[in-house]
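# Fold and geometry: a report
This is what each chain is made of:
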Amino acid sequence: MNVAPMKRSERKGRRTAIRLLVAAGLVSAGGLVATPTGCATQTVPVSTRALERSGRVSFVCLDRPNASKSSVRPITDCDASTVISVNDFTANDLDGGAKKELPHLYALVTQTTRGEVAVIDTTATSNSVLDQDPSVPGANFLPIGAQPVDIVSSPGGTATFVGVAEIGREGLFALPSSRIRPTTSVIGAGGGDGVGGGSTGSSDRLPEISGWPSCRLPAAPGQMLLIPDPAGKLQPTDKPATRPCCDAKFGDAPDVKECQGDADPDAGPRTAGLNGKLEAEGKGRQKLVVTIPSKGGIAVIDAQSLLDTEPGVYAPCNVERWLPLRTDVPLLPPTPPTGGVACVDPTFEDPVLPPASVARPTGLAYADGHLYASDLDTSLVHVIDLPTPCEPFEQPPLLPTSVQDPTRVVTTSHVAVTPERTPDLKRYLYAIDARDGSAMVFDVSDDQTSRFPLRRPRPEWDPLAPSDRIRFSAPAADLVIIQRDIPQPLPATGAAIDGVRCDPTSTNICLATSEVCDPGTLYRTDLATYTSGAGPIKLRGTFAFLALTSGRIAVIDIDDYDAPCRGPAKTSPLFGCDAGDVGGVTTDELSCNVVLPNTPRMATYFTANDTAGQRQTEAGIQSFPQLFDTNGAPVDEATFNAPKMVATLTEPASIQAVFQLSVATISVPINPGTGAPSALVDGEVVNDPALTNKSTLMMNLEDPRAQSVDQNWFVTYEGPLPGFDQKLASLQLRGSGAPGELDTFNDASSRFCDAGVQSKKAVLEKLGAGNEAQAAGLADYVQIQSEIPDQDDRYWASKDKDGKAVKDTCEFNTCRTLFGSLDVPASGRNYTIVEAFQDSVQIEPRAGSTFRDAKTGAPLPTWRATTDCCFPSLVTFNVRVGDQWEVAGNQSGVLHHVIADPVTGVCRDSCDPTQVRNNGRASRVPYPSAETGAVREHQPTVNDKGPGAFINPMFRFAVLDPPAIDGALQKPVTGQQFRFSTLGAFKPLVVNLSTEGTTLIQPVGMAFVPATGQLAVTDGSINGLLIVDLSSSMVTRTYF
Amino acid sequence: MQPARSSLPRFPAAGSPASARRGGVATVALGLSALVASGCFLGDTTVPPPVNAFYYPTGLVRSPGGSTLYVTNSDFDLQYEGGTVFALDLTKLRPQLGTLLTALRKVGTDKTSTVEGACNGRRNTNSILNPGPCLAIPLALANGGEPLAASIGAFASGAVLVKRPDTTTDARLFVPVRGDPSITFLDIANDTSTGTFKRTLRCSSVTADNGARCTNDHLIGIEPFESTRSITLPTEPVGIDVSEDGKAIVVAHQTLKAVSLSINQWPASSGTTNENGSKPTLEFVLGNLPDGPTEVVAVPIPKLFKDRVELDIPTIDYQPGFLITYRAAPVLDLVRVHKSESGTARPSLSLATETLISVNADGKDSRGIAIDPSARRGCEDDCLKVTDVPTCLLGCTKIPIDVYIANRTPPSLLIGRLETTTTPQGSVKPTGAFDRVMITDSVPLAQGASKIAVGNVIDPQGNLSRRVFTAAFDSRLVFSYDPDNHRVDAIIKTGRGPHALAFDDDRTATDATKAEHAFLVIGHFTDSYLGVVDLDMRHPETFGTIFASVGTPMPPRDSK
């Protein structure tokens, strides 16, 4: 029984079924359902789709079919021009009048379910998907065997090569470009981007799988590249000549014995050149460099030899070079402890390396004589010195790791490398983490100093993002790195120079009449309109594009030529500027780090300037923070017996000129002396009685990426930590004093350290010995949220597990008195957390509890038995912060940097300096003076590094206690709450591939089309091939 | 335990039953959904279900010893008074499959061999109804007579098998039945016993006739007085799984945002069916979950503290867990079973963690779920060979368990992992442990991804190699995903409505990493038959194809 290839009739039946099923799926997905109650059906029209589960794509440029000469053209001969018909190869000359030949750009897209290659004429706007056999209904493509893995075309367009992983038939196929177009000229009936007919081809045969030159591999291939073996010089003439195979001499004939290899003796004679001559492309002798994952190495195969192979034989491929890749992962150096007071270092263990095995290379990238290979099994990115494909030599590898999880064995699935060095001679390699789809960046420049992933220079500004990788909410399925420019012509000469950086400081500006000027000034933003010049969607420089499985393309800045012109006009440390930042004629944005190498690109201007229109984003708040009382009612800001939120002040005074806050997108000056919202009069900040009493805060502007999401914030005095709502814990009150006999509250699922719980002992370590009472107050406490059993519950008349009658220990009324109800809880429900672990907390009755002696404050001896008796089952609970303000975002939750001590298991702050802004507790600030006037006149100020100052990645503030009354300090009331909403979150530049709102999209591959400057994206779902225009960052065409 | 877990696939809606019966396979399914919703009930409640033919099969479970294949038939178009459970004799079927496979492999290599000859003159010509090269093996012939059968309610949506831990002879089959609704359980024989094995299928204390209807004492959730909370089973039980110790049964209720917990209890005497007080009981319903709970899978307990958890020794804080998928929410939930404690406490479920699915365009509409604990299990088994077993087992808990989900928006295989953290770290006798689940990747599939199962193929070197199989109901495909190479490595073309999946790979006597054969059995819902796929890569000529069908394919009525 032969299982592959499918016969033509089978393919036809399959496609018909696909159409029906896709239709059914679309109906289902769209929610367009017939009404069952009417017992009637409803017809829903749907588009027919020919492409399904596309894999990867490559392009060739072909001229009008011509029997007498080759129609192959270099890929750069094609451009973005379009015509309507697949048969139209002429276009109007730009000057009008005369016609000129217009070659067509063809996309070859692997179809992974059918084992075919679809050919799409991207130059034609109608019937672009070519039907190889119009006599058979449905779209018919080029059959190449099941599980096509990769496809690559020669740059001159002579042929395309496909790697196939069909089990038992793994191999390579060559598709000569002369045979990829249909043989008959029949325009299909479909319109738009539907399935089209064919153009006049040059072959007289319909494609069959046995009709392609092909060879068999020992195992399934992975990614492959075409890399030229350059011509050498013949002696003594110095005439350039290629070598037919790696073991031959330059200038040797193709059939020299050195090139016979292990060729199958049964293979027929080679038809040299009949299917095209790759050397005619002028790139030397092209070699296919192919990863063979399960064999742990890379094979080098002569592309022309494969193209010359007699079709249908399927002999073993002649592997000219085989490079087994290394598997020895060097032992990583231990991370030195960071140290610190009252904190613990995160665990560090070496990754548990798998037992010695072969490598499993998959992805490949090549630049400047170096080949890079990702590896799915071994924690290495292989670096291969490859002056020519015939001389591969493995160099010391790159070492993918994870700062967040140093014990993890990090492997990689894809790699891409910057095609050219940046102006500062840097070259970067991007590798996708095989486990989570994040991207790591390696410096592979000649002067590289580390083989580990690069880290962001100031990770503490944005601690929510990993410092050593770029991560989105969905993993990256593929990536490409593109270098592009949109050069502006000089006024005097009209010449346009590539690679010019925007210059914000030069005074020698290029005007229309300028004879000599600094070309960098041509790229400045038009500040009157923000519609030209440097901007978020203008991509000049080097950028990485990640295809996310969620149906989006994310853009990463690597080297933006316009970066110098993106930033504030006047620099400030508050904007994250350093000494090298100069300001000047810039986009007047509120951060020096709007463009940051190797981080996600921002989709908007980070500015308060309304001129930027829809592309304006400014971190701020919707309205001033509002205080609410414990019943949820707003508290009048003029009520002086209430707490107040103030902005913390910044030193030195020289930077205070930029002290401002965006409120509802309007900039409000903040008085640098008081931290109160103020007015600006004649350039001076003056008090505004209408604003002085309002609570306020300051946004952090150093790194716009720290503003991760617009959200609502709740700053609650003794607020509950989130995450315990549906948890159930057991009480184990065995505090006999004997070793191991502790009073604990157990629930491993609660993960108390991960939730940020702070115990009395943890606080005491920070405060120092002698502050036990204060530590007890600041410690978090458990609040039991279960009801005691109903009065008529049979429990009260039962016996406990020791056989003792329950009523001998507790009764309903006693329990109700001690614990109250959920609506009217008593203080007996509150237990201070003495020590916290990931799976449990040690507790004792909280100060003021009904289980404390009113005089001595000591816990009553009955508290354990009574609590255990009143709550016989698992209990629900809250954990509230003690005597502090809890800062919670409805998206971020309560930020903290508490970890479980790797040695003792107790919950403590991490010493990791990158986490210092991960905070969710604000201390109280005493307000020792009374206020009696209309405005607060004695309001304390708080320096942003002083006691009581709160800072998280997004903003900073301090909360003042209510003013003292008659000399007596006041304190907030549990449950009092400030509320505000942040705006202006960082919006990464992403291209949404779902043009029709469909969820049936899942990008799997990408390719840059140099001919058009566009990005081609293949969809693993039903959307075939999508073309993304990099000037607009939008999908401009879809072929399905 | 890798039991079959299934639910009925979701169908696009359609209209009246009359038009549905005209419209062919998919339309029949569509119309039947409408039938129930609109009250246009046309089923025959007086005709007993057939015991000699499959009828909309939804669940396949191979017995642990490999002697029997249990098949649940759903009576999806309500032509009968209920569905059935069959116990197929694999010892009779397997030689027939072997003979056929050997003959088919000769075709193409041996010039004298033909498909016609391999099929004994019964070559198949209708590849739509039956994708195999030969006509189907009639059920009675495959089984050596009519299969052992029992009648159950309509709309069975899967099955799961549990071995009794304290004996080697008893086992139970739990079947969620939407028509009752109930969890119907059948007492069966455990064929791993070294003694004489007698195939049984008992769910009635009244009669032992073949095909007899299961009685109420084998239906969980019917009578409120049997429950300590006086509750009955919520409607639409679909996904089901059982904890490793066979005690906790968790079922997803598709329309009620709820999962239920039942507790299994074994009879005091081995071999008896259902003594007083030993009937499994419904204990708890966890509500307020996201819309559309669909499938359930039990999380294995690390061996380091498995005994303490199963014996309910309170020195470890870790509860048996189950993962839940949802149709209408982009999340994956982990719920935990809390066993009976002091006072009036009764078993209950709680939501431990909720994992957001953000790896594909929408994340909603998750269907089947499967886990692969083999790496951790292998490590734990190897620990028995070392001297410091606890330290070895502690290391094994750090090995993540792979999680796979079939999702439909877009059709994709979601890949994740479940990680277990013990506390305190590094202790060989931890006081607690918790699990975290992460969904990290998405692989495109084809329309109608539904059932999913982890099994083995025989690789070219003859070793067993893990694969994840996902049925795409609408597309008539089953995808084989290779976790080592991170890609789909084979696509199996099936008949109409592939749904339930089961594996049959008998290890060699000398080497557990090798097998004599590896088959994938596919329950074809639409045309009511089983397809058998060869999973032996050493034979590319038959690998990944349905080489045999069992039970005569029968298209939906009035839609031929």
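About the criteria used
Residues numbered from 1 in each chain as written. Chains lettered and ligands numbered in written order. Predicted model: local features only at pLDDT ≥ 70, side-chain atom pairs only at ≥ 80, totals over all residues. Heavy atoms only, no water. Helix = DSSP H or I, 4+ residues; strand = E, 2+ residues; numbered from the N terminus. Buried < 20%, exposed > 50% of the residue type's maximum accessible area, 1.4 Å probe, protein only. Contact = heavy atoms within 4.5 Å. Areas by Shrake-Rupley, 256 points an atom, 1.4 Å probe, with all protein chains shown as cover. Expected span 1.5 Å × (residues − 1). Arc of directions from axis to C-beta. Phe/Tyr/Trp six-rings, centres within 6.5 Å; stacked < 30°, edge-to-face > 60°. Salt bridge = Lys/Arg side-chain N within 4 Å of Asp/Glu carboxyl O. Axes fitted to C-alpha atoms, helices over the stretch in contact; angles between N-to-C directions. Parallel < 35°, antiparallel > 145°, perpendicular 65-115°, else oblique. Nonpolar A, V, L, I, M, F, W, Y, C, P; charged D, E, K, R; others polar. Pairing = 2+ DSSP bridges. Core = buried A, V, L, I, M, F, W, Y, C linked by side-chain atoms within 4.5 Å. Disulfide = S-S within 2.5 Å. pLDDT = per-residue confidence, 0-100.

Time to look at the overall build of chain A. Each helix and strand counted, chain A has 7 helices and 62 strands in total. The 1040 residues of chain A split such that 57% are buried. Intrachain contacts of chain A at a sequence separation of at least 6 include 65% that bridge at least 24 residues. Carbon and sulfur atoms form 53% of the exposed surface of chain A, whose accessible area is close to 41100 Å².

From N to C terminus, chain B includes 8 helices and 28 strands. Burial status across chain B gives 66% buried among its 560 residues. Long-range contacts, defined here as pairs at least 24 residues apart, represent 61% of the contacts in chain B between residues at least 6 apart. A total accessible area of about 18600 Å² is found for chain B, and carbon and sulfur atoms account for 53% of it.

Here the focus is helix α3 (residues 90-106) of chain B. Residues and elements named next belong to chain B. A rise of 1.5 Å per residue sets the reference length of α3, with its 17 residues, at 24 Å; its end C-alpha atoms lie 24 Å apart and thus fit the reference within 8%. Those residues of α3 not exposed but buried are Leu90, Leu93, Arg94, Leu97, Leu100, Leu101, Leu104 and Arg105. Down the axis of α3, the smallest arc covering the buried residues is 135 degrees, so these residues share one side.

Moving on, we get to helix α6 (residues 812-819) of chain A. All names here are of chain A. Of the residues making up α6, those classed as buried are Phe812, Cys815, Leu818 and Phe819. The buried residues of α6 all sit within an arc of 135 degrees when viewed along its axis, so they share a single face. Looking at α6, the residues exposed on the side facing more than 90 degrees away from the buried face are Asn813 and Thr817. Buried residues belonging to α6 abut β46 (830-836) and α7 (863-870). Trailing α6 by a residue or two, Gly820 shows a phi angle of about 65 degrees, which is positive.

Residue and element names in this part refer to chain B. Here Met438 is to be found in strand β20 (residues 432-444). You can call Met438 partly exposed: its relative accessible area is 25%. Leave out the neighbours within four places in its chain, and Met438 touches Thr355, Ile415, Gly416, Arg417 and Glu419.

For A:Ser68, the position within the fold is in the loop between β1 (54-62) and β2 (72-73). Sequence separation between A:Ser68 and A:Ser750 is 682 residues, and the spatial gap between their C-alpha atoms is 77 Å.

What follows deals with the packing of aromatic side chains. Each aromatic ring pair is summarised here by two numbers: the centre-to-centre distance and the angle between the ring planes. Residues and elements named next belong to chain A. Applying the stated criterion to the full structure yields 31 aromatic pairs over all chains. The interplanar angle of 25 degrees and the centroid separation of 5.6 Å between the aromatic rings of Phe724 and Phe752 together place this pair among those described as stacked. Highlighted residues: Phe724 in the loop between β42 (712-717) and β43 (730-733) and Phe752 in the loop between β44 (743-746) and α4 (760-767), separated in sequence by 28 residues. Classification of Phe724 as buried rests on a relative accessible area of 0%. The class of Phe752 is buried, set by a relative accessible area of 0%. A ring pair is formed by Phe955 and Phe980, whose centres lie 5.2 Å apart and whose planes are at 75 degrees; its orientation type is edge-to-face. Highlighted residues: Phe955 in strand β56 (residues 955-960) and Phe980 in strand β57 (residues 977-983), separated in sequence by 25 residues. The two residues Phe955 and Phe980 agree in class, both being buried.

All names here are of chain A. Under the definition given, this model contains 79 salt bridges over all chains. Between Arg956 and Asp944 there is a salt bridge; the shortest N-O distance is 3.9 Å. With Arg956 in strand β56 and Asp944 in the loop between β54 (924-925) and β55 (950-951), this residue pair connects regions lying 12 residues apart in the sequence. For the residue pair Arg956 and Asp944, the accessibility class agrees, reading buried in each case.

With that settled, consider the packing of helix α7 (residues 374-383) of chain B against helix α8 (residues 389-397) of chain B. Residue and element names in this part refer to chain B. The N-to-C vectors of α7 and α8 enclose an angle of 175 degrees; their axes lie 9 Å apart at closest approach. The angle between the axes of α7 and α8 places the two elements in the roughly antiparallel class. Across the interface between the two elements, Arg376, Cys379, Glu380 and Cys383 from α7 touch Val389, Cys392, Leu393, Cys396 and Thr397 from α8. A class-by-class count of the residues in the contact of α7 with α8 yields 6 nonpolar, 1 polar and 2 charged.

Residue and element names in this part refer to chain B. Taken in spatial order, the 4 strands of this open sheet run β9-β10-β11-β12, and their pairing is antiparallel. Unpaired on one side and paired on the other, β9 (237-242) and β12 (281-286) mark the two borders of the sheet. For this sheet, the mean inter-axis angle between neighbouring strands, taken without regard to orientation, is 25 degrees.

Residues and elements named next belong to chain B. Structurally, the position occupied by Cys134 is in the loop between α4 (115-118) and α5 (139-143). Once the C-alpha coordinates of Cys134 and Ile415 are considered, the two residues, 281 residues apart in sequence, prove to be 36 Å apart. Cys134 has contacts with Leu100, Cys119, Arg122, Arg123 and Asn124, leaving out every residue within four places of it along the chain.

Moving on: the sheet that holds strand β2 (residues 68-73) of chain B. Residue and element names in this part refer to chain B. The 4 strands lie next to each other as β1-β2-β3-β4, forming an open sheet whose pairing is antiparallel. Strand pairing shows two members of the sheet lacking a second neighbour, β1 (57-62) and β4 (148-152), which therefore form its edges. Put simply, the sheet's adjacent strands are angled 15 degrees from each other on average, direction ignored. Pairing of β1 with β2 involves 5 bridges; the strand directions are antiparallel. Note that in β2 the partner of Gly59 across the bridge is Thr72. Together, β1, β2 and β3 (83-89) form the strand contacts of α3, whose direction differs from that of β3 by roughly 65 degrees.

All names here are of chain A. Core analysis: the largest hydrophobic core is formed by 43 residues, its most contacted members being Leu697, Val715, Phe955 and Phe957. Those elements giving two or more residues to this core turn out to be β37 (660-663), β41 (698-699), β42, β49 (885-889), β56 and β57. Residues in contact with Phe955, not counting those within four places in the same chain, are Leu697, Met698, Met699, Asn700, Trp713, Val887, Phe950, Phe980 and Thr982. In terms of nonpolar packing, the next biggest core, distinct from the first, is built from 40 residues, Leu731, Trp796, Ile833 and Ile843 among them.

Before going further, it helps to spend a moment on the packing of α6(A) against α7(A). If you want to describe how two helices pack, look at the angle between their axes and the distance between the axes. Residues and elements named next belong to chain A. The geometry of α6 relative to α7 is characterised by a closest axis approach of 10 Å and an angle of 110 degrees between their N-to-C directions. Relative to α7, the element α6 lies roughly perpendicular. Contact with α6, carried on its side by Cys815, Leu818 and Phe819, involves Thr866, Thr867 and Cys870 of α7 and no other residues of that element. Taken together, the residues of the contact of α6 with α7 break down into 4 nonpolar, 2 polar and no charged.

Residue and element names in this part refer to chain A. Under the definition given, this model contains 15 disulfides over all chains. The residue that forms a disulfide with Cys343 is Cys911, at a sulfur-sulfur distance of 2.0 Å. What sets the handedness of the Cys343 and Cys911 disulfide is the S-S torsion sign, and at about 105 degrees it is right-handed. With Cys343 in strand β20 (residues 343-344) and Cys911 in the loop between β52 (907-910) and β53 (921-922), this pair connects stretches of sequence that are 568 residues apart. Each bonded cysteine in chain B gets a number by its place in the sequence, and the pairs come out as 1-2, 3-4, 5-8, 6-7.

With that settled, consider the side chain of B:Thr397. Residue and element names in this part refer to chain B. With respect to the helices and strands, Thr397 occurs in helix α8. Look at Thr397 and you get buried, because its relative accessible area is 1%. Leave out the neighbours within four places in its chain, and Thr397 touches Pro302, Leu304, Arg376, Thr420 and Thr422.

Residues and elements named next belong to chain A. β49 sits mainly inside the fold: 5 of its 5 residues count as buried. Side chains Trp885, Val887 and Gly889 project from β49 onto one buried face, and the interleaved Glu886 and Ala888 project onto a second face that is buried too. Looking at chain direction, β42 and β49 are connected through 5 bridges and run antiparallel. In the sheet register, Trp713 faces β49, and the bridge partner there is Gly889. Judged from the 2 bridges that link them, β49 and β53 form a sheet pairing that is antiparallel. Each residue of the ladder has a partner; that of Trp885, found in β53, is Ala922. Pairing of β49 with strand β50 (residues 893-894) involves 2 bridges; the strand directions are antiparallel.

Glancing now at the confidence of the model for chain B. All names here are of chain B. Considering every residue of chain B, the mean pLDDT works out to 86; 88% of them sit at 70 or more. Ignoring residues within four places in sequence, the model shows residues 1-43, a span with pLDDT below 50, making 123 contacts including any to other chains. Note on the complex model: pTM 0.91, ipTM 0.90.

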